[in-house]
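# An overview of the molecular structure
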Amino acid sequence: MRVPRPRAPRQGTGARLRPPAVSAAGLLAGLGLWQLAGRHDPVLFATPGRSAEALLTLTRDGSLPSALLSSGRLLVVGLALAIVAGVGSGLLLSRARLLRASTDWLLFALQSVPIVALAPLILSAFGFGLPAKTLVVFLTAVFPIVVNTAEGAHRVPATLLEVTRTFRSSEWRIWKDLLLPHTVPYAMTGVRQGIAMAFVGTLAAEFFLNASGIGGLLLAAGTQFDTATVLGLTVLVSVLAVALMGCGRAVERHFARWRAVQA
């Protein structure tokens, strides 16, 4: 006889609409403060209208779409490499205890090094092209993925590992049937954090290695004291970052159900 699962209480319409209403109110308040600051000091702060006009001008002459395409390609390539290397390294560290014990300090030491300090070394080794910028994005995004993946694989219940040893499962079956399903939710948490870090690494690479993409537009507008373009691009970057983080959170929430089932 199957016992029916208790259903979660349904939220009313008011409860569902409250978070979007609060977000919209905060957005309107921020735009109002921005408008007041732009009117008070038009040299330092451009109004939202002027910033929107600057973005429209960049869109019409093709600069903004080209910059978005360049930055997006760099972000995708660097993040994809970080995910592959991060998940693989995290799983390897979880199974090789001696390797993890000997490299834990190195992992956290490398994670604490600011990427700006490594920019001259990367520049001298790889030049100004796409490989150098991809390496910057990779280094900023890979460490959260490695740490979360290794921690998830390390938290596999010892009883399940004992069962695999009892039935003499091969190493491949242990990885396929136990480690990977248990680790995926934790790895997705690392990927979500890696998305934010990769976005920061993309802008850093375009600032310090080669003035291209969105970072190049920001750098050029800043040197010309074009506050309207700077503020418009800053808002655009913030919106894109929030959208990417929302996608990462949705993926993490999807795989978090696996974690709940395992718990």
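Note that the structure is a prediction, hence the values are computed from the model and not measured. (Residues numbered from 1 in each chain as written. Predicted model: local features only at pLDDT ≥ 70, side-chain atom pairs only at ≥ 80, totals over all residues. Heavy atoms only, no water.)

Counting its secondary structure elements, the protein chain contains 10 helices and 0 strands. From first element to last, N terminus to C terminus, the protein chain shows the α and β order α-α-α-α-α-α-α-α-α-α. Sequence separation of 24 or more characterises 76% of the internal contacts of the protein chain that already satisfy a separation of 6 or more. Surface summary for the protein chain: the accessible area is close to 16300 Å², and the carbon and sulfur share equals 69%. (Helix = DSSP H or I, 4+ residues; strand = E, 2+ residues; numbered from the N terminus. Contact = heavy atoms within 4.5 Å. Areas by Shrake-Rupley, 256 points an atom, 1.4 Å probe, with all protein chains shown as cover.)

Here we come to empty space enclosed by the protein. Space left empty within the atom packing is revealed by a probe, the size of a water molecule, rolled over the atoms. All chains considered together, the criterion is met by 1 cavity of 30 Å³ or more. In this structure, the largest cavity spans a volume of roughly 40 Å³. Forming the boundary of the largest cavity are Ile115, Val116, Ala119, Val136, Ala204, Ala205, Phe208 and Leu209. Broken down by secondary-structure element, the contributors of at least two residues to the lining of the largest cavity are helix H5 (115–126) and helix H8 (171–208). (1 Å grid on protein atoms, 1.4 Å probe; cavity = no way out; pocket = protein on both sides within 12 Å on 5 of 7 lines; lining within 4 Å. Points joined across faces, edges and corners; volume = space filled by probe spheres on them.)

Turning next to the packing of H8 against helix H9 (residues 213–223). Viewed as axis vectors pointing N to C, H8 and H9 meet at an angle of 55 degrees, and their least axial separation amounts to 7 Å. What the angle tells us is that H8 and H9 run oblique. Crossing of H8 against H9: the hand is right-handed. Contacts from Leu203, Glu206 and Phe207 of H8 reach H9 at Gly213, Ile214, Gly215, Gly216, Leu218 and Leu219. When its residues are assigned to classes, the contact of H8 with H9 shows 5 nonpolar, 3 polar and 1 charged. (Axes fitted to C-alpha atoms, helices over the stretch in contact; angles between N-to-C directions. Parallel < 35°, antiparallel > 145°, perpendicular 65-115°, else oblique. Left-handed = near helix turned anticlockwise from the far one by under 90°. Nonpolar A, V, L, I, M, F, W, Y, C, P; charged D, E, K, R; others polar.)

It is worth spelling out the nonpolar core at this point. Most often, soluble globular proteins keep nonpolar side chains buried together rather than apart. Ranked by internal contacts, the top residues of the largest apolar core, which has 35 residues, are Leu64, Val136, Ala198, Leu209, Ile214 and Leu233. Counting only elements with at least two residues in this core, the list comes to helix H2 (48–60), helix H3 (63–95), H5, helix H6 (130–154), H8, H9 and helix H10 (227–262). If sequence neighbours within four positions are ignored, Ile214 has contacts with Leu64, Ala67, Leu68, Ser71, Leu203, Glu206 and Val237. Grouped together as the second largest cluster of nonpolar side chains are 8 residues, Leu91, Ala153, Leu161 and Leu178 included. (Core = buried A, V, L, I, M, F, W, Y, C linked by side-chain atoms within 4.5 Å. Buried < 20%, exposed > 50% of the residue type's maximum accessible area, 1.4 Å probe, protein only.)

Moving on to a nonpolar patch on the surface. Taken together, Val116, Phe207, Phe208 and Leu219 make up a surface patch of nonpolar side chains, about 340 Å² in accessible area. Its location among the elements puts Phe207 in helix H8. Given the relative accessible area of 32%, Phe207 is considered partly exposed. (Patch = residues over 30% accessible without salt bridge, like charges linked within 9 Å, V, L, I, M, F, W, Y side chains within 5 Å. Salt bridge = Lys/Arg side-chain N within 4 Å of Asp/Glu carboxyl O.)

Okay, the layout of surface pockets next. Roughly 460 Å³ of internal volume is contained in the largest pocket. Elements with a contribution of two residues or more to the lining of the largest pocket: H3, helix H4 (97–112), H5 and H6. If you tally residues by element for the lining of the largest pocket, the top one is H6, at 7 residues.

Given a rise of 1.5 Å per residue, 38 residues ought to cover 56 Å, yet the end C-alpha atoms of H8 are separated by just 44 Å, more than 12% below that figure. At Leu179, H8 is deflected by roughly 45 degrees, the largest bend along its length, and proline Pro181 occurs up to four residues later in sequence. (Expected span 1.5 Å × (residues − 1). Bend = angle between axes of the 7 residues up to and from the residue.)

This part is about the side chain of Asn148. Relative to the helices and strands, Asn148 resides in helix H6. For Asn148, a relative accessible area of 18% translates into the label buried. A distance of 3.2 Å separates the side chain of Asn148 from the side chain of Gln193, its partner in a polar contact. Every residue in contact with Asn148, bar those within four places of it in the chain, is listed here: Tyr186, Thr189, Gly190 and Gln193. (Polar contact = N/O pair within 3.5 Å; in protein donor to acceptor, adjacent residues only side chain to side chain.)

Moving on, we get to unusual backbone geometry. Non-glycine residue Phe225 carries a positive phi angle of around 55 degrees. By the element assignment, Phe225 lies in the loop between H9 and H10. Residue Phe225 is classed as exposed on the basis of its relative accessible area, which comes to 72%.

Our next topic: the packing of H5 against H6. Their axes nearest at 10 Å, the elements H5 and H6 cross at an angle of 145 degrees. Crossing of H5 over H6 shows right-handed handedness. Here H5 contributes Ile115, Leu118, Ile122 and Phe126 to the contact with H6, which in turn contributes Ala132, Leu135, Val136, Leu139 and Thr140. Here the contact of H5 with H6 is built from residues that sort into 8 nonpolar, 1 polar and no charged.

Turning to the confidence of the model for the protein chain, a few remarks are in order. Scored by pLDDT, the protein chain comes out at a mean of 79, with 85% of its residues at no less than 70. When pLDDT is averaged over each helix and strand of the protein chain, the minimum, 69, is found for helix H1 (residues 13–40) and the maximum, 89, for H3. (pLDDT = per-residue confidence, 0-100.)

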